[in-house]
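Residue strings, one per chain:
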Amino acid sequence: MDEAEASGRVWRDQVRRRVTAEQDRDALARLIEYDADPFEVELYELAADPRTLVIDRAQRRHAGQHERHVRRLKERGRRFDPAITW
């Protein structure tokens, strides 16, 4: 496994483990309802930004597609070559 593949694997693992942007947004909304600290409001605005939500979904989709791709290659008995781009 080369360095690029290892760092890609670490990134995909982190994407799968972290909470979604929607969950972050909802948790911050509940916190603001309780105590509207200006810093918390700013964090909520960042979490509720449509671009943040789109980026989070795209990253999760990309990580999932890659994992399915690798799994299909293993099922077919092929050796995974990260240099091949589809």
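All of these numbers come straight from a predicted model, not from anything done at the bench.

I'd like a rundown of the packing of helix α2 (residues 21-34) against helix α3 (residues 38-48), residues and numbers included.
Running from amino to carboxyl end, α2 crosses α3 at an angle of 150 degrees, the nearest separation of the two axes being 9 Å. Here α2 lies roughly antiparallel to α3, going by the angle between them. Crossing geometry of α2 relative to α3 is assigned as left-handed. Here Ala21, Arg25, Leu28, Ala29, Leu31 and Ile32 of α2 lie close against α3, whose contacting residues are Glu40, Val41, Leu43, Tyr44, Ala47 and Ala48.

Kindly report on the pattern of salt bridges, identifying the contributing residues and their values.
Evaluated as defined, the whole model comprises nine salt bridges. For Arg18, the salt bridge goes to Asp56, with nearest N and O atoms at 3.0 Å. Pair noted here: Arg18 is in the loop between α1 (3-17) and α2 and Asp56 is in helix α4 (residues 50-76), with a separation of 38 residues, a long-range link. Taking the relative accessible area as the measure of exposure, Arg18 reaches 34% and is therefore partly exposed. What makes Asp56 buried here is its relative accessible area of 6%.

Give a description of the packing of α1 against α4 that names residues and reports values.
Orientation of α1 relative to α4, taken along the N-to-C sense of each, is 120 degrees, at an axis distance of 9 Å. Relative to α4, α1 is oriented oblique. For α1 against α4, the interelement crossing comes out left-handed. Each of Trp11, Arg12, Val15 and Arg16 in α1 lies in contact with α4, whose residues at this interface are Gln59, Arg60, His62, Ala63, His66 and Glu67. Residue composition of the contact of α1 with α4, by class: three nonpolar, three polar and four charged.

So what about the layout of surface pockets? Which residues, and what values?
In this structure, the second largest pocket encloses a volume near 200 Å³. Residue lining of the second largest pocket: eleven residues in total, with Glu5, Arg9, Glu67, Val70 and Lys74 positioned closest to the centre. Going through the elements one at a time, α1 and α4 are the ones with two or more residues in the lining of the second largest pocket.

What counts as what
- Residues numbered from 1 in each chain as written.
- Predicted model: local features only at pLDDT ≥ 70, side-chain atom pairs only at ≥ 80, totals over all residues.
- Heavy atoms only, no water.
- Axes fitted to C-alpha atoms, helices over the stretch in contact; angles between N-to-C directions.
- Helix = DSSP H or I, 4+ residues; strand = E, 2+ residues; numbered from the N terminus.
- Parallel < 35°, antiparallel > 145°, perpendicular 65-115°, else oblique.
- Left-handed = near helix turned anticlockwise from the far one by under 90°.
- Contact = heavy atoms within 4.5 Å.
- Salt bridge = Lys/Arg side-chain N within 4 Å of Asp/Glu carboxyl O.
- Buried < 20%, exposed > 50% of the residue type's maximum accessible area, 1.4 Å probe, protein only.
- Nonpolar A, V, L, I, M, F, W, Y, C, P; charged D, E, K, R; others polar.
- 1 Å grid on protein atoms, 1.4 Å probe; cavity = no way out; pocket = protein on both sides within 12 Å on 5 of 7 lines; lining within 4 Å.
- Points joined across faces, edges and corners; volume = space filled by probe spheres on them.

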